[in-house]
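# Summary of the model geometry
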Amino acid sequence: MAISEASAASSSGVFNDYPHDRRIIIYPIYINAKAKIVEGRRIGVKYCVDQPTLQEILDVLEHLGFEAEVEDKIYPRDIFQRGRVRVTLKDPVTGEPKVGNIASRKALLQEIGTMIPNLKSRKEGKPPASPAISTATTPSVMSPMGALGSPTSSASKTGSNKKKGAKKK
């Protein structure tokens, strides 16, 4: 009985009264060059970048003229991937692309992937981290016997750990 009511509701158009969100979703793994297709990459490696961030994707979308919004959601295939971007690719009323030369999700992903390496944040790079403790001031390693020794003295054990067989009588 419930099945016939559901089919009647769908054929009468009751479900069409609730419009769905027509924006497309972009997770950073879609354009990650280190990810495999099975892990979620959506385009060819030549259009991808290493470890794209949400901010980089937003910067490119803003430059292209798209309306984008960040959502704090988890990627279903990998729970450690947090965050996604929702983009209005086409006009919801007319269905025409917002930007003339980008009409599909794949074309948008390829464009984002080719523009991220040209961002100022990617070209500058990260400043080198200064070491907190220099190797010259590292103290010696304490050996199990309690005496101070060099780091290699406990590791330079001679002989093998091979189990010896029983003696012959």
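Residues numbered from 1 in each chain as written. Predicted model: local features only at pLDDT ≥ 70, side-chain atom pairs only at ≥ 80, totals over all residues. Heavy atoms only, no water.

### Re the overall build of the protein
Definition in use: Where helices and strands are cited, they refer to DSSP runs of H or I of at least four residues and of E of at least two residues respectively, numbered from the N terminus. Exposed residues in this analysis have more than 50% of their type's maximum accessible area, buried residues have under 20%, and partly exposed residues fall in between, with area computed by a 1.4 Å probe over protein chains only. Any two residues whose heavy atoms approach within 4.5 Å at even a single point are treated as in contact. Every accessible area reported is derived by Shrake-Rupley at a probe size of 1.4 Å, with residue values counting cover from the shown protein chains alone.
Within the protein one finds four helices and five strands. N-terminal to C-terminal, the α/β element order of the protein is α-β-α-β-β-α-α-β-β. Out of the 169 residues in the protein, the part that is buried amounts to 27%. Restricting the contact set of the protein to residue pairs at least 6 apart, pairs at least 24 apart contribute 53%. Element-wise, carbon and sulfur atoms account for 55% of the exposed surface of the protein, whose accessible area totals about 13,100 Å².

### A look at the packing of aromatic side chains
We count it as follows: Only the six-membered ring of Trp is used, alongside the rings of Phe and Tyr, when aromatic pairs are assigned; centres must lie within 6.5 Å, and planes under 30 degrees apart are stacked while those over 60 apart are edge-to-face, with the rest tilted. Any Lys NZ or Arg CZ found within 6 Å of a ring centre and within 35 degrees of that ring's normal is scored as a charge over the ring.
The final tally for this structure, using the stated rule, is three aromatic pairs. Aromatic side chains Tyr-27 and Tyr-75 sit 4.8 Å apart centroid to centroid with 65° between the ring planes, which places their arrangement in the edge-to-face category. Placement of the pair is Tyr-27 in the loop between β1 (24-26) and α2 (54-64) and Tyr-75 in the loop between β2 (68-74) and β3 (82-87), with a sequence separation of 48 residues. Overall, the relative accessible area of 6% leaves Tyr-27 in the buried class. A ring pair is formed by Tyr-30 and Tyr-75, whose centres lie 6.2 Å apart and whose planes are at 80°; its orientation type is edge-to-face. Taken together, the residues Tyr-30 in the loop between β1 and α2 and Tyr-75 in the loop between β2 and β3 connect sequence positions 45 residues apart. Take Tyr-30 and Tyr-75: they sit in the same class, and that class is buried. The structure contains a cluster of three or more aromatic residues connected by ring pairs, namely Tyr-27, Tyr-30 and Tyr-75. Here the basic side chain of Arg-42 rests over the ring of Tyr-30, its NZ or CZ set 4.1 Å away from the ring centre.

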